[in-house]
Amino acid sequence: MRYLFSSDWHLDHTTDGHARFDEVSAAVDHSVKVATEEKIDLYIFAGDLSDPDGFAVHRAQSKAMATAAQLKRNGIPSLWVAGNHDVVEDGYGTTVLSPLAASGLCHVFEAPGVH
């Protein structure tokens, strides 16, 4: 099995006042291109998409959804693991990956588990 791991996108972060979304998004797109070209068996996102209260959380969720959809179209299954920055402190176990989990595009771990 050939795996591609990606993590810590932090799509809501800025550096010295400059949003990093576009360049990180391009790097994510490149990882999907590599996964496709190299015929990767499984793409694994290992957490930290965006802080839940960040100004760009919806944009980050949209990028995750589009990435999972592209991987699925390319025949590459993906697993997504919520990281510490992804947790919504609502007492229900919600994460910024919850919409992705509901999409059916991939498997999402929002709590410890086995797949």
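Heads up: these notes are all about the structure in this document.

Analysis parameters
Residues numbered from 1 in each chain as written. Predicted model: local features only at pLDDT ≥ 70, side-chain atom pairs only at ≥ 80, totals over all residues. Heavy atoms only, no water. Core = buried A, V, L, I, M, F, W, Y, C linked by side-chain atoms within 4.5 Å. Buried < 20%, exposed > 50% of the residue type's maximum accessible area, 1.4 Å probe, protein only. Helix = DSSP H or I, 4+ residues; strand = E, 2+ residues; numbered from the N terminus. Contact = heavy atoms within 4.5 Å. Pairing = 2+ DSSP bridges. Phe/Tyr/Trp six-rings, centres within 6.5 Å; stacked < 30°, edge-to-face > 60°. Patch = residues over 30% accessible without salt bridge, like charges linked within 9 Å, V, L, I, M, F, W, Y side chains within 5 Å. Areas by Shrake-Rupley, 256 points an atom, 1.4 Å probe, with all protein chains shown as cover. Salt bridge = Lys/Arg side-chain N within 4 Å of Asp/Glu carboxyl O. Expected span 1.5 Å × (residues − 1).

1. Regarding the nonpolar core
And step 1. Core analysis: the largest hydrophobic core is formed by 25 residues, its most contacted members being Trp9, Tyr43, Leu49, Trp80, Leu97 and Leu100.
And step 2. Listed by contribution, the elements that provide at least two residues to this core are α1 (21–37), β4 (42–45) and α2 (57–73).
And step 3. For leucine 97, the residues in contact, after removing those within four places along its chain, are Phe45, Leu49, Trp80, Val81, Ala82, Val108 and Glu110.

2. A closer look at unusual backbone geometry
And step 1. For aspartate 8, which is not a glycine, the phi torsion comes out positive at approximately 55°.
And step 2. With respect to the element layout, aspartate 8 can be found in the loop between β1 (3–6) and β2 (14–15).

3. Observations regarding the pairing of β4
And step 1. Along β4, one buried face is formed by Leu42 and Ile44 and the opposite face, lined by Tyr43 and Phe45, is buried too.
And step 2. Pairing between β1 and β4: four bridges, direction parallel. Within β4, the position partnered with phenylalanine 5 by the bridge is isoleucine 44.
And step 3. Across three bridges, β4 lies against strand β5 (residues 78–81) in parallel orientation. From the neighbouring strand, tyrosine 43 faces β5, where its bridge partner is serine 78.

4. Topic: the packing of aromatic side chains
And step 1. Under the definition given, this model contains four aromatic pairs.
And step 2. The interplanar angle of 65° and the centroid separation of 4.7 Å between the aromatic rings of tryptophan 9 and phenylalanine 45 together place this pair among those described as edge-to-face. Of the two residues, tryptophan 9 sits in the loop between β1 and β2 while phenylalanine 45 sits in strand β4, which places them 36 residues apart along the sequence.
And step 3. Residue class for tryptophan 9 comes out buried when judged on its relative accessible area of 5%.
And step 4. Overall, phenylalanine 45 belongs to the buried group, its relative accessible area being 0%.
And step 5. Where tryptophan 9 meets tryptophan 80, the ring centres are 5.6 Å apart and the plane angle is 85°; that geometry is what we call edge-to-face. Taken together, the residues span a long stretch of sequence, with tryptophan 9 in the loop between β1 and β2 and tryptophan 80 in strand β5 at a distance of 71 residues.

5. Regarding a nonpolar patch on the surface
And step 1. Residues Met1, Tyr3 and Phe5 make up a contiguous nonpolar surface patch of roughly 410 Å² in combined accessible area.
And step 2. Within the fold, phenylalanine 5 resides in strand β1.

6. Structural notes on α2
And step 1. Between its first and last C-alpha, α2 extends 24 Å over 17 residues, near the 24 Å set by a 1.5 Å rise per residue.
And step 2. Those residues of α2 lying buried are Val57, Ala60, Gln61, Lys63, Ala64, Thr67, Ala68, Ala69 and Leu71.
And step 3. Buried positions along α2 lie against α1, β4, β5 and α3 (98–103).
And step 4. Trailing α2 by a residue or two, glycine 75 shows a phi angle of about 80°, which is positive.

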